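# Observations on chain architecture
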Amino acid sequence: MSVQAKVSNVVRIPVHPGGERAYDVVLGEGLLGDLAETVAGRTRAAVIHPTALRATADAVVADLRASAGVEAHAIEVPDGEEAKQLRIAGFCWDVLGRIGFTRDDVIIGLGGGTVTDLAGFVAASWLRGVDIVQVPTTVLGMVDAAVGGKTGIDIDAGKNLVGAFHQPLTVLCDLAALSTLPAVEVRAGLAEVVKTGFIADATILDLLDADPTGAAHLPELIERSIRVKADVVSGDPREAGRREILNYGHTLGHAIEKVENFSWRHGAAISVGMVFSAELSRLVAGLDDAVADRHRDLLTRIGLPVAYRGDRWPALLDAMRVDKKSRGRRLRFIGLAAQGETVILDDPDVGLLIAAFTAVAPDGLSLPDAP
């Protein structure tokens, strides 16, 4: 395949993380052809990509060599969450060492959220930081993982517990890549879009109410979601405060991913996590019934799960205790007091947690025996 294509309808969304490098998130069709110009002047480029995008990566490498005179190399990693492992990061570092990668060179993260997370971490840690261009190819990658400078890998204790903040040179969201994305992957990405709707931009929810597939308004949905994230991370680049709101639904969602050994898609787990957070917000923060109920209704119509096994509650509770928002043994959740009004739910009573989880566990809970 060729990466040369006519760029159309380009939108640039600025990200200005205070005290750190500013950059643009660029949306359009045919943006892969911009990579050569973006990395021109570099000696080497390493394109980290999943197996599923081998042909695209080979085309990018060929274009960088021919159009930019860059010594480009493809580094293939596994598909899905398996890529976010320490051994895979180690493999990438070994390749960078073999090709003589220096601080003047550039990494390109080409793929979904797992690959952009991994590539960002590899870039942040190689020589204590080299430049990276993120090229997300999924809805999830575009609206969440590739924007904001968060990088990370998974370990046995949990998801994204090892990582670094490392801002990219730019983020290129080539919407043409979505044309061949399976419907199940689009749905998974829409979970993060729904999240930004509930925490900030209600128009997102209205657009999805009109078309739960997202197909009729996908470019607008992606743009609106990125604008929400760009605004938040510009004011809090290292999650010292407000950026935590982007974790709405993620405390339980990440726990589900861990308990299921990452066999669940991220968006599916976050969908259940948002319904749980809405129920907890109803109990603790007085969230209006209509807003809480809208979570379950909209996510169901999109085709995302809103329920989970009650017998997994003890394991989920253990997993949530090592969530990055926890403080000591206190669990902390992002909640809603109203549409677009987030609150921190600090150390809720365990009885309230159980009551909220009961709402997503149709078969009831299995609780451990009292000591």
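It should be noted that the structure appears before, not after, this text.
So, here's what we can say about the structure. Quick caveat: nothing in here was measured; it's all calculated off a predicted structure.

A tally of regular secondary structure across the protein gives 13 helices and 11 strands. The C-alpha radius of gyration computed for the protein amounts to 20 Å, which stays within 12% of the reference 21 Å derived for 371 residues, consistent with globular compactness. Per-residue burial over the protein gives 55% buried out of 371 residues. Of the contacts formed within the protein by residues at least 6 apart in sequence, a portion of 72% connects residues at least 24 apart. Per element, the accessible surface of the protein, about 14500 Å² overall, is 51% carbon and sulfur. Computed over 37 positive and 49 negative side-chain charges, the inter-centroid distance for the protein is 4 Å.

Another aspect to go through is the pattern of salt bridges. Evaluated as defined, the whole model comprises 33 salt bridges. As a salt-bridge pair, Lys150 and Glu239 come within 2.8 Å of each other at their nearest N and O atoms. Separated by 89 residues along the polypeptide, Lys150 in strand E7 (residues 150–155) and Glu239 in the loop between helix H8 (218–235) and helix H9 (250–259) bring together distant segments of the chain. Between Arg301 and Asp209 there is a salt bridge, and its shortest N-O distance comes to 2.5 Å. In this pair, Arg301 is assigned in helix H11 (residues 289–302) and Asp209 in helix H7 (residues 202–210), connecting sequence segments 92 residues apart. Members of the salt-bridge network, linked through shared partners, are Glu81, Lys84, Asp117, Asp154, Lys159 and Glu257.

Moving on: the pairing of strand E4 (residues 71–77). Here 7 bridges tie strand E3 (residues 44–50) to E4, and the two strands are oriented parallel to one another. Among the inter-strand pairings, His49 is bridged to a residue of E4, identified as Glu76.

What follows covers unusual backbone geometry. Positive phi, normally seen in glycine, also occurs at Asn160, with a value near 60 degrees. Tracing the sequence through the fold places Asn160 in strand E8 (residues 158–165). You will see that Glu239, though not glycine, has its phi angle at about 55 degrees, which is positive.

Counted residue by residue, strand E10 (residues 332–338) has 5 buried out of 7 residues, so it is predominantly covered. As paired strands, E10 and strand E11 (residues 341–346) are joined by 6 bridges and run antiparallel to one another. Each bridged residue has a counterpart across the sheet, and for Ala338 the counterpart in E11 is Glu341. Between E10 and E11, which pair antiparallel and follow one another directly, the connecting turn spans 2 residues, one of which, Gly340, has a positive phi of 80 degrees.

What helix H13 (residues 350–358) keeps buried is the set Leu353, Ala356 and Phe357. The arc that holds the buried residues of H13, viewed along the axis, is 95 degrees, so those residues lie on one side. Looking at the buried residues of H13, the elements they touch are H9, helix H10 (266–284), helix H12 (313–320) and E10. For H13, the N-terminal cap is Asp349; the gap from its side-chain oxygen to the backbone nitrogen of Gly351 is 2.7 Å.

Moving on, we get to a nonpolar patch on the surface. A grouping of Ile155, Leu161, Val162 and Val322 is seen on the molecular surface, where their side chains present a nonpolar patch of about 260 Å² in accessible area. Mapped onto the elements, Val322 comes out in the loop between H12 and E10.

About the criteria used
Residues numbered from 1 in each chain as written. Predicted model: local features only at pLDDT ≥ 70, side-chain atom pairs only at ≥ 80, totals over all residues. Heavy atoms only, no water. Helix = DSSP H or I, 4+ residues; strand = E, 2+ residues; numbered from the N terminus. Rg over C-alpha atoms; globule rule 2.2 N^0.38 Å. Buried < 20%, exposed > 50% of the residue type's maximum accessible area, 1.4 Å probe, protein only. Contact = heavy atoms within 4.5 Å. Areas by Shrake-Rupley, 256 points an atom, 1.4 Å probe, with all protein chains shown as cover. Lys, Arg positive; Asp, Glu negative; His and termini not counted. Charge placed at Lys NZ, Arg CZ, Asp CG, Glu CD. Salt bridge = Lys/Arg side-chain N within 4 Å of Asp/Glu carboxyl O. Pairing = 2+ DSSP bridges. Arc of directions from axis to C-beta. Polar contact = N/O pair within 3.5 Å; in protein donor to acceptor, adjacent residues only side chain to side chain. Patch = residues over 30% accessible without salt bridge, like charges linked within 9 Å, V, L, I, M, F, W, Y side chains within 5 Å.

Read these as spatial facts, not as claims about activity.
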